[in-house]
Amino acid sequence: MKGTKNCSFGNLLCNISCVFENILLFYLTENLLSEVFCYCQSLTEIIVASDNAYYTSIDGVLYSEDETLLICYPAGKANTTFVVPDNVNKVNSSSFNSAKYLTNVIIPSNVKEIGYDAFNACDSLTSITILNPACEISASGYTIPNSATVYGYENSTAQEYAERHGRTFVSLDGENP
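Analysis parameters
- Residues numbered from 1 in each chain as written.
- Predicted model: local features only at pLDDT ≥ 70, side-chain atom pairs only at ≥ 80, totals over all residues.
- Heavy atoms only, no water.
- Salt bridge = Lys/Arg side-chain N within 4 Å of Asp/Glu carboxyl O.
- Helix = DSSP H or I, 4+ residues; strand = E, 2+ residues; numbered from the N terminus.
- Buried < 20%, exposed > 50% of the residue type's maximum accessible area, 1.4 Å probe, protein only.

So, about the pattern of salt bridges. By the definition in use, this model includes 2 salt bridges. Residue Glu 113 pairs with Lys 90 through a salt bridge whose shortest N-O separation is 3.7 Å. Taken together, the residues span a long stretch of sequence, with Glu 113 in strand 11 (residues 113–114) and Lys 90 in strand 9 (residues 90–91) at a distance of 23 residues. Judged by its relative accessible area of 26%, Glu 113 is partly exposed. Owing to a relative accessible area of 26%, Lys 90 belongs among the partly exposed residues under this scheme. Across the pair Glu 160 and Arg 164 runs a salt bridge whose closest N-O atoms are separated by 2.9 Å. Placement of both Glu 160 and Arg 164 in helix 1 (residues 157–164) is noted, with a separation of 4 residues, approximately one turn of the helix.

A positive phi is found at Asp 117, a non-glycine position, where the angle reads about 55°. Considering the arrangement of structural elements, one finds Asp 117 in the loop between strand 11 and strand 12 (127–130). A positive phi angle, near 60°, is found at Asn 155, a position not held by glycine. Position of Asn 155 among the secondary structure elements: in the loop between strand 14 (149–152) and helix 1. By relative accessible area, Asn 155 is classed as exposed at 75%.

Here you go:
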């Protein structure tokens, strides 16, 4: 079927059509991978049933139930700017994969980790601000796209990532975090 990808929910295999605009998650396994939604470019929101013990959704974005892990930002969500909520401490692998409208992302100081390929194929992303100078950023060259200018502090992991992967880096030193 055109426009479809095979994905897995733990041990289950599913076929998610890229024409879905929203999806409702009922009770699921505890190990839902963000990659399940990677190729759903029409997906604008993820809705989680109120009785789901593992996940929650805020403004259509999927988080762990305790809201400390950002799991998936829908690729078709029309927002151009996204500020990761303050209670998040990890941005999951591939969580923003193919988010086609995002141009600006701000990651607060309490985020300790940005997972593998978190912003892969976010071709419109022009700026990403990382406010934690010690944030662990996956070493993959696809974690932050070439199109994005990385904003962060001098001698930070953001600067190190930008320099290692040939991204433009702009220092926030002298500004309040």
